[in-house]
Amino acid sequence: NDQDSKWSNSTKLISITTFSPSGTQQIDNLKPNTNYTVRVLLYTSDQRVYDGNYVPISRSQTRCADLDQDYLHQIVTGKSITVSVVHANDEICYPLSQFELCIDDYWHTCRVIQNTVTFDYLDYYVNYTLTLRKNKADMKTWTIQTDEGPPGKVQNIHANTSNTIAELTWDVPAKTNGKIRGYQVQYHRTSSKACFPAEQREYQSNTVNVTNNSVLLNFLAPYSNYEGHILAFTSHEGTRQTFRFETMETKVPTEPEFPISTHYQIKKLNVNLHWNCSTLEGPINFYMNLTCKSPWCTDDIVQTPRTFSSLLPLVYEFSIIGYTDYTLTMSLSRNQAEITKDIHIRTLPTEPGIVRNVTVYTKNGISVALRWLPPYPPTGEIEHYVIKYHDSTYKYATVNKTSECKVWRGQICYTLTDLKSPKIYINVCARNINVSENGAESDTLSTETKEEGKHY
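Now for a quick tour of the structure. From a predicted model like this one, the values you see are computed outputs, not experimental measurements. (Residues numbered from 1 in each chain as written. Predicted model: local features only at pLDDT ≥ 70, side-chain atom pairs only at ≥ 80, totals over all residues. Heavy atoms only, no water.)

1. What to know about the overall build of the protein chain
When you go through the protein chain residue by residue, the secondary structure sums to one helix and 32 strands. Counting all 456 residues of the protein chain, 38% fall into the buried class. Restricting to contacts in the protein chain with at least 6 residues of sequence separation, those with at least 24 account for 61%. Only carbon and sulfur atoms are counted for the fraction: they give 47% of the accessible area of the protein chain, which is about 27,600 Å². (Helix = DSSP H or I, 4+ residues; strand = E, 2+ residues; numbered from the N terminus. Buried < 20%, exposed > 50% of the residue type's maximum accessible area, 1.4 Å probe, protein only. Contact = heavy atoms within 4.5 Å. Areas by Shrake-Rupley, 256 points an atom, 1.4 Å probe, with all protein chains shown as cover.)

2. Some words on the nonpolar core
Most often, soluble globular proteins keep nonpolar side chains buried together rather than apart. Grouped together as the largest cluster of nonpolar side chains are 26 residues, with contacts concentrated most on Leu 273, Met 288, Phe 318 and Leu 328. If you list the elements that add at least two residues to this core, you get strand E20 (268–274), strand E21 (285–292), strand E23 (314–318), strand E24 (325–334) and strand E25 (337–346). (Core = buried A, V, L, I, M, F, W, Y, C linked by side-chain atoms within 4.5 Å.)

3. Some details on the side chain of Thr 247
Following the sequence through the fold, Thr 247 ends up in the loop between strand E18 (241–246) and strand E19 (260–266). By relative accessible area, Thr 247 is classed as buried at 1%. Polar side-chain contacts of Thr 247 include one of 3.1 Å to the backbone nitrogen of Tyr 223. Only 2.9 Å separates the side chain of Thr 247 from the backbone nitrogen of Ser 224, close enough to count as a polar contact. Leaving out residues up to four positions away in the same chain, Thr 247 has contacts with Thr 161, Ser 162, Asn 163, Lys 193, Leu 220, Ala 221, Pro 222, Tyr 223, Ser 224 and Tyr 226. (Polar contact = N/O pair within 3.5 Å; in protein donor to acceptor, adjacent residues only side chain to side chain.)

4. Here's the deal with the sheet that holds strand E29 (residues 393–400)
Strand order in this open sheet of four strands is E29-E28-E31-E32, and the pairing throughout is antiparallel. Looking at strand neighbours, the two that pair on one side only are E29 and strand E32 (445–448), the edges of this open sheet. Sheet twist, expressed as the mean angle between neighbouring strand axes with direction ignored, is 30°. (Pairing = 2+ DSSP bridges. Axes fitted to C-alpha atoms, helices over the stretch in contact; angles between N-to-C directions.)

5. So, the sheet that holds strand E12 (residues 155–161)
Read from one edge to the other, the open sheet built from three strands follows the order E12-E13-E16, with strand pairing classed as antiparallel. Edge positions in the open sheet fall to E12 and strand E16 (214–217), since each of these has one partner strand only. Going from strand to strand, the sheet's axes swing by 15° on average, the running direction of each strand aside. Note that E12 and strand E13 (residues 166–171) share five bridges and pair antiparallel. Residue pairing in the sheet places Thr 161 in a bridge with Ala 166 of E13.

6. Remarks on the packing of aromatic side chains
In total, this model carries nine aromatic pairs according to the counting rule given. Ring geometry for Trp 170 against Tyr 183: centres 5.3 Å apart, planes inclined by 70°, an arrangement best described as edge-to-face. With a gap of 13 residues between them, Trp 170 in strand E13 and Tyr 183 in strand E14 (residues 182–192) connect regions that are remote in the sequence. Grouping residues by exposure puts Trp 170 and Tyr 183 together as buried. Just above the ring of Tyr 394 sits the side chain of Lys 388; from NZ or CZ to the centre is 5.6 Å. (Phe/Tyr/Trp six-rings, centres within 6.5 Å; stacked < 30°, edge-to-face > 60°. Lys NZ or Arg CZ within 6 Å of the ring centre and 35° of its normal.)

7. Structural notes on the state of the cysteines
A full pass over the atoms with the stated rule returns five disulfides. In this model Cys 64 forms its disulfide with Cys 93; the gap between the sulfur atoms is 1.7 Å. Measuring the twist about the S-S bond at about 100°, one finds the Cys 64-Cys 93 disulfide to be right-handed. In this pair, Cys 64 is assigned in the loop between strand E4 (57–61) and strand E5 (72–77) and Cys 93 in the loop between strand E6 (80–85) and strand E7 (99–103), connecting sequence segments 29 residues apart. Judged by relative accessible area, Cys 64 falls into the partly exposed class, the value being 28%. Given the relative accessible area of 3%, Cys 93 is considered buried. Across the disulfide, Cys 292 is cross-linked to Cys 297 (sulfur-sulfur distance 1.5 Å). Both residues of the pair, Cys 292 and Cys 297, count as buried. Along the protein chain, the cysteines engaged in disulfide bonds are linked according to the scheme 1-2, 3-4, 5-6, 7-8, 9-10 when indexed in sequence order. (Disulfide = S-S within 2.5 Å.)

8. Quick look at the environment of Thr 211
Relative to the elements of secondary structure, Thr 211 occurs in the loop between strand E15 (205–210) and E16. For Thr 211, a relative accessible area of 60% translates into the label exposed. A sequence separation of 27 residues divides Thr 211 from Gln 184, and the C-alpha atoms of the two residues are 8.8 Å apart. Excluding anything up to four places from it in sequence, Thr 211 contacts Arg 181, Gly 182 and Tyr 183.

9. Looking at the pattern of salt bridges
If you walk through the whole model with that rule in mind, you get 13 salt bridges. Note that Arg 133 and Asp 138 form a salt bridge whose closest N and O atoms lie 3.2 Å from each other. With relative accessibility at 58%, the residue Asp 138 sits in the exposed group. Between Glu 148 and Arg 181 there is a salt bridge; the shortest N-O distance is 2.8 Å. With a gap of 33 residues between them, Glu 148 in the loop between strand E11 (137–145) and E12 and Arg 181 in the loop between E13 and E14 connect regions that are remote in the sequence. Accessibility expressed as a relative area gives 12% for Glu 148, which makes it buried. Salt bridges sharing partners connect three or more residues here, namely Glu 100, Arg 133, Lys 136 and Asp 138. (Salt bridge = Lys/Arg side-chain N within 4 Å of Asp/Glu carboxyl O.)

10. Some details on the pairing of E25
Bridge count between E24 and E25: 10 bridges; the pairing is antiparallel. In the strand pairing of E25, Tyr 326 is matched with Ile 345.

These results come straight from atomic positions and should not be treated as a statement about function.
Structure (structure tokens):
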């Protein structure tokens, strides 16, 4: 009939062989959010259908599922949150455009859901609230946290210093961007405050890792400039914050602050002074004096103290006696505290002085016997003496230093023989070992070659 023809294209949904007493039956696998018409027919075993004049029908509509977190997949990447729709089967209420996702960022951004929604330019390590809405009505709310990121710069670095120690303290970054796990402090000495700015800087770096926002730096160089940086750590390395500080001077001068001294001798004693400015531990006053220590020295030979203020390499001259012991005393003072350093020097031999007390102690018609005292003070070891005498012509005699008088201790005796002239003119000088020149000649002694009695 006409009513049957309406069902010719329908789907046989279920065959019921046994009715439950209640007369209810569940029909599965329907499409969501769809209208259905249902009728019940009675079949016999011989496939005859009994539907009577009219088979009652019922009309019904299936329902769909709204989106919730079970259908959403969340991925956090740094400062971005991406939400994707998963399990997108026929249970979900379509179209998806009726749903939107909102976040409580600065702009309170809302985006219509189209399989994937991404929120960018968020802040690190912040709990954001996501709200799922349907047709502008709130459905579901939950929180999600962005990843940790690099922390900002530490704040308010303060240095409390002594001469060798610096205590650094600082405040945490304004934006930590995560959980602060520690700090790295790098520092190096740039220069001594005693050095001129143009001198070479130092860059040997030191690194300290700490978990608190303070650190104690030990074994620093006094009177110096330092600089460095501090950075904080989360799971990422933060931004560096630079610091500078100065260490204080040492109250008492120290041995390494003395200048390097060298000396050489050309007629006078020349003392070279060279300061290593990087070893100075504060401003200094420097004094130096040279004192003669040999027994022949007099007060007139002691040098008066000199004060030097420049740290440039300097050369100073002192008048000296050859082959003589001196003490070069250097003195450093600061804050009324003083230390000294002595350098013992024996000067090199120089030309001898004038031979003393040249005397004729006996003579005859052809010879003259002489005696004399060595030069004083001694300026070296005597190698020999030279007698220059005029006997019709100038002649020379070399006298060994061992030719000491048997009678006059400490004096040298020598006899000039085979003299031809009745009048003789005599000069005596000395020569020191390792010295190329003779000493000054004695005053000219004139004598006649006539026999006299010996004088003792």
